[in-house]
Amino acid sequence: MTGPLSFSGFLGSRVHLGVTGSVAAYKALDLLRLLTGAGCSVSATLTESARRFVTPLSFQALGADPVFGGMFKEGENPFGHLAPGKTAQVMVIAPASANTLARLANGLADDMLSCQALAFSGPLILAPAMNPNMWAAPATRENWTRLLARGVRGVEPEAGPVACGDQGQGRLAALSEIQAAVLRALAPQDMAGKRVLVSLGPTREAWDPVRFWSNASSGLMGASLAVAAWLRGAEVTAVAGPAQVELPRGLTRVDVTTAAEMHAACLDLWPRMDVACMTAAVSDFRPEPYGDTKFKKDKAADGLTIRFLANADILKDMGARKKKGQVLVGFAAETSDLETQARAKLKAKHLDMVVANRVDLPDSGFGGSNNTVCVLDRRGRLEHWTALPKTEVAWRIWDLLPQL
Ligand code: CTP
């Protein structure tokens, strides 16, 4: 599993997964896999209607334990309706039907899942799925508002085509959104109250309408940092160059293309931030633009020389404007002399910490899911980390924040 949500450090956490009657019930099996993949142990309850769409056996086979069904069956634990409240840190109901929302909003306790939800005092996450007319119905709106006002965490459905062929808001949210909400509810909230800026991905500098200058940055390192900070409670703004990375809805995303756009966005945001971590692989140069029409190759039969102009150094400009109390972390992409280059960049750009990585080795840098880094802070602390998933590198970087 790769991606900015593939954190695996949730071993020992217990999640209770409720599944209700909806065509989207099959998606709960994938959610179960995402949660066990993050290290969580998961128990589950399938309502009677859910069991018409999916079977308890599938959940058991994918590791859910125990899987609850109806209440008060002979030979079964008579206190199953209280079990998640005693053992799980988070309860998530996905998909949550309109009927389930109505039951929960009114405090009904007439089946196993509604009893378990009523007896659960930890974070409750609801991811509804239903026909768009049912979602828009005044009764459902009222139930949803009441549930949110009570502190329930909602992962609202998406707009699009639904199973019956209708269009509108009602499709179960992307599983990554539900997974993100669960992980955030489980994570320590040690970055709560911090405003964090992360730059990520490459920048792209056009030469003519069909050609540009860029690099192979995937944006995964920055996305992992942005998501990790958000999971730990921070308010996060990600300034993203053209990279194919998904970020949970809870983060603010500012999409940019060129280094100049990234420079403007980051410098505008920086005065309102507590922390910035600049991972973007910014193009240091941009080609002098050819113009608005496509360059034809017969104009350069003997080869082509393009002049490049220098771009501003975003991180350096932020370092020069850093106020007391702000923390600035930079990256250093290198192909040699990791430590020497890291020290030079730490000093030249007024950083509190620099994370240097080799971009010419397997298991490190652009493109892959792992990174091998060395971390140097302004007090002289130096650490070399072995190859780790980028998500784990991100988590460890934020662990160092209180010491900066
Ligand atoms: N950076 C930046 N703006 C630039 C270039 C780099 O903000 N125009 C930031 C990167 O996001 C990274 C750090 O500066 O956090 C170091 O980037 P890197 O590419 O390693 O080094 P450069 O400063 O560009 O220097 P060089 O390419 O000569 O190593």
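A brief report on the enclosed structure follows.

Definitions and cut-offs
Residues numbered from 1 in each chain as written. Predicted model: local features only at pLDDT ≥ 70, side-chain atom pairs only at ≥ 80, totals over all residues. Heavy atoms only, no water. Helix = DSSP H or I, 4+ residues; strand = E, 2+ residues; numbered from the N terminus. Buried < 20%, exposed > 50% of the residue type's maximum accessible area, 1.4 Å probe, protein only. Contact = heavy atoms within 4.5 Å. Salt bridge = Lys/Arg side-chain N within 4 Å of Asp/Glu carboxyl O. Pairing = 2+ DSSP bridges. Core = buried A, V, L, I, M, F, W, Y, C linked by side-chain atoms within 4.5 Å. Axes fitted to C-alpha atoms, helices over the stretch in contact; angles between N-to-C directions.

Quick word on the overall build of the protein chain
When helices and strands are counted, the protein chain shows 14 helices and 22 strands. Counting only C-alpha atoms and orienting by the principal axes, one finds that the protein chain spans roughly 80 × 50 × 35 Å. With 404 residues in all, the protein chain has 50% of them scored as buried. Counting contacts in the protein chain only where the partners sit at least 6 residues apart, residues at least 24 apart contribute 69% of the total.

Observations concerning the pattern of salt bridges
What the rule picks out here adds up to 16 salt bridges. Note that Lys 349 is salt-bridged to Asp 313, the shortest N-O span being 2.7 Å. Linking Lys 349 in the loop between helix H13 (338–348) and strand S18 (353–358) with Asp 313 in the loop between strand S16 (308–310) and helix H12 (314–320), this pair joins segments that are 36 residues apart in sequence. For Asp 313, a relative accessible area of 26% translates into the label partly exposed. In this structure, Lys 322 and Asp 352 form a salt bridge, with 3.0 Å as the shortest nitrogen-oxygen distance. With Lys 322 in the loop between H12 and strand S17 (327–334) and Asp 352 in the loop between H13 and S18, the pair connects residues that are 30 residues apart, well separated along the chain.

What about the pairing of strand S4 (residues 90–96)?
Along S4, 7 of the 7 residues are buried, which leaves the element largely enclosed by surrounding structure. Residues of S4 alternate between two faces, with Val 90, Val 92, Ala 94 and Ala 96 on one and Met 91, Ile 93 and Pro 95 on the opposite face, all of them buried. Summarising the sheet, strand S1 (residues 14–19) and S4 pair through 4 bridges and their orientation is parallel. Its bridge partner being in S4, Val 15 is matched across the sheet by Val 90.

Considerations on the environment of Ala 98
Structurally, the position occupied by Ala 98 is in helix H5 (residues 98–105). What makes Ala 98 buried here is its relative accessible area of 14%. Spatially, the C-alpha atom of Ala 98 lies 9.7 Å from that of Ala 137, the residues being 39 residues apart in sequence. Beyond its immediate stretch of four places on either side in the chain, Ala 98 contacts Met 130, Met 134 and Thr 140.

Quick word on the nonpolar core
Of all hydrophobic cores here, the largest spans 82 residues; its most connected members are Phe 10, Leu 17, Val 19, Phe 59, Ile 178, Val 196 and Trp 398. At 9 residues, helix H10 (residues 220–231) tops the list of elements feeding residues into this core. Once residues within four sequence positions are removed from consideration, Val 19 is found in contact with Ala 25, Ala 28, Thr 45, Leu 46, Thr 47, Ala 50, Val 54, Phe 59, Ala 94, Pro 95 and Leu 113. Core analysis: the second largest hydrophobic core is formed by 26 residues, Val 256, Met 273, Met 278 and Cys 374 among them.

Concerning the sheet that holds strand S9 (residues 195–200)
Strand order in the open sheet formed by 8 strands is S13-S12-S9-S14-S17-S18-S20-S21, with mixed pairing between adjacent strands. Each edge of the sheet is formed by a strand with only one pairing partner; in this case those strands are strand S13 (252–255) and strand S21 (382–384). Taken pair by pair, the neighbouring strands of this sheet meet at an average axis angle of 15 degrees, ignoring direction. Each of S9, strand S12 (235–240), S13 and strand S14 (275–278) touches helix H11 (residues 259–269); the most contacted strand, S12, lies at about 160 degrees to it. On top of the sheet, H13 reaches S17, S18, strand S20 (373–377) and S21; it is set at about 145 degrees to S18, its chief contact.

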